Amino acid sequence: MYFNIGIDIEQVSRFKKRDNRLFEKIFSKKELKKMKNYNAQHLAGIFSAKEAIIKACNPIEKLKLKEIEIFNRKEGHPHAIIKSKAIRARDLKISISHSKDYAVAFAILSIK
């Protein structure tokens, strides 16, 4: 069994200005369609989750931001969709939290 963690914290203020060029580098087309009404805290949280996933998966595979998609399930909790040959999304658990000024995310990779 392989186990690893990743964590990331981001300033919400970085996402208050809608910078489409930056967002196109960070988020997939599918994510961009869904996030038109998202606030800065939500965007910072998604970015933070992607960074935490990259850190958790790094020893096995070096993922890029756009190879990771973050969405919410119907129940509200976040889940990741990743484009990877070595890692399956079900091997990955994430948690996202934010305040007015900061967003933080935690990723756990557990491969049997």
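Refer to the preceding data block for the structure.
Report on the accompanying structure. (Residues numbered from 1 in each chain as written. Predicted model: local features only at pLDDT ≥ 70, side-chain atom pairs only at ≥ 80, totals over all residues. Heavy atoms only, no water.)

Structural notes on the nonpolar core
1) Next: Counting residues in each nonpolar core, the largest one holds 31 residues, and the members touching the most others are Phe15, Ile53 and Ile70.
2) Next: Elements represented by at least two residues in this core include exactly helix H1 (20-26), helix H3 (40-57), strand S2 (68-72), strand S3 (78-82), strand S4 (92-98) and strand S5 (102-111).
3) Next: Look past the residues within four positions of Phe15 in its chain and what remains in contact with it is Phe23, Ile26, Ala40, Leu43, Ala44 and Phe47. (Core = buried A, V, L, I, M, F, W, Y, C linked by side-chain atoms within 4.5 Å. Buried < 20%, exposed > 50% of the residue type's maximum accessible area, 1.4 Å probe, protein only. Helix = DSSP H or I, 4+ residues; strand = E, 2+ residues; numbered from the N terminus. Contact = heavy atoms within 4.5 Å.)

Brief notes about H3
Residues separated by three or four positions in an α-helix point in the same direction, a consequence of the helix having 3.6 residues per turn.
1) Next: The end-to-end C-alpha distance of H3, which contains 18 residues, comes to 26 Å, matching closely the 26 Å that a straight helix rising 1.5 Å per residue would cover.
2) Next: Extensive coverage of H3 is indicated by the burial of 14 of its 18 residues.
3) Next: The N-cap residue of H3 is Asn39: its side-chain oxygen and the backbone nitrogen of Gln41 are 3.2 Å apart. (Expected span 1.5 Å × (residues − 1). Polar contact = N/O pair within 3.5 Å; in protein donor to acceptor, adjacent residues only side chain to side chain.)

Section: the environment of Lys66
1) Next: For Lys66, the location among the structural elements is in the loop between H3 and S2.
2) Next: Considering only alpha carbons, one finds Lys66 and Ile82, 16 residues apart in sequence, at a separation of 8.9 Å.
3) Next: Setting aside residues no more than four positions away along its own chain, Lys66 makes contact with Glu24, Lys25, Ile26, Phe27, Ser28 and Lys83.

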